[in-house]
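Here are the chains, one letter per residue:
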Amino acid sequence: MIHFWTRLAKPEDRDSISALNDAAFGGLDESRIIRQLQADGDSLLSLVAENDAGLAGHIEFFRILIDGQPVGAGLGPMSAKPCLQKSGIGSYLIRTGLEELEDLGETIVFVLGHGTYYPKFGFEAETAGPFKAPWSGPHFMAIRLAPGAPASGALTYPSSFSG
Ligand SMILES: CC(C)(COP(=O)(O)OP(=O)(O)OC[C@H]1O[C@@H](n2cnc3c(N)ncnc32)[C@H](O)[C@@H]1OP(=O)(O)O)[C@@H](O)C(=O)NCCC(=O)NCCS
């Protein structure tokens, strides 16, 4: 059991968040996406997990348009420090982030990710299925946070994901 806490990311965390993502993903793509999401105003929520040694995890949520309306959210990228993975940091960040988004009035969150990991938190491919998106299949999932959530529509992702 490791000790960590979570908080909103601050502007001065930017370089540490990039370094964490580069280490977790083994490349620069995700840190570029995160920086561009934030620069373009597409970030909805950016949370970090921290311990006495510094940043231990990070999760990003961003705006997705549904039929042109700003009513959808996306999860990602997310990462845990390689030496601390599989100790609950990622799970805690997902659960905390979903609660925060619900409090902010968000009703649906999409993710493209590991098909065995995200269902633990309520994400389902069936929920994402009726939406027209750049991707589809078992790795594309969604979770409804409120009864009035859109059930279908065309998704527009931030330009950050277009490379
Ligand atoms: C994915 C990631 C964020 C999960 O964070 P974490 O703190 O290690 O995860 P947790 O400790 O909360 O959860 C661990 C569980 O997730 C599972 N898991 C971790 N990585 C996984 C993967 N790539 N595929 C499937 N399951 C995975 C573990 O097997 C473990 O399962 P268990 O609880 O049944 O034993 C982290 O492993 C990471 O940074 N990976 C590299 C970057 C990445 O792939 N990000 C996600 C992109 S979709």
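Up top you'll find the structure we're talking about.
Computed from a predicted structure; not experimentally measured.

## Things to note about the overall build of the protein
Across its full length, the protein holds 4 helices and 8 strands. Secondary structure elements of the protein occur, N-terminal to C-terminal, as β-α-α-β-β-β-α-β-α-β-β-β. Taken against the 2.2 N^0.38 rule, which gives 15 Å for 163 residues, the C-alpha radius of gyration of the protein at 15 Å falls within 12% of a compact globule. With respect to the principal axes defined by its C-alpha atoms, the protein has extents near 45 × 30 × 30 Å. Across the 163 residues in the protein, those meeting the buried criterion constitute 35%. If you take every contact in the protein between residues at least 6 apart in sequence, the share linking residues at least 24 apart comes to 62%.

## Focus: the nonpolar core
Counting residues in hydrophobic clusters, the biggest one holds 40 residues, and the most contacted among them are Ala73, Leu93, Val109, Phe110, Val111, Met141 and Ala142. Among the secondary structure elements, those contributing two or more residues to this core are helix H1 (14–25), helix H2 (29–39), strand S2 (43–51), strand S3 (54–66), strand S4 (69–80), helix H3 (89–103), strand S5 (108–112) and strand S7 (140–144). Looking at which element gives the most residues to this core, the answer is S3, with 6 residues. With sequence-adjacent residues up to four places away left out, Val111 is seen in contact with Gly74, Leu75, Gly76, Tyr118, Phe123 and Met141.

Rules of the game
- Residues numbered from 1 in each chain as written.
- Predicted model: local features only at pLDDT ≥ 70, side-chain atom pairs only at ≥ 80, totals over all residues.
- Helix = DSSP H or I, 4+ residues; strand = E, 2+ residues; numbered from the N terminus.
- Rg over C-alpha atoms; globule rule 2.2 N^0.38 Å.
- Buried ≥ 20, exposed ≤ 12 C-beta atoms within 10 Å, placed from the backbone.
- Contact = placed C-beta atoms within 7 Å.
- Core = buried A, V, L, I, M, F, W, Y, C linked by C-beta atoms within 7 Å.

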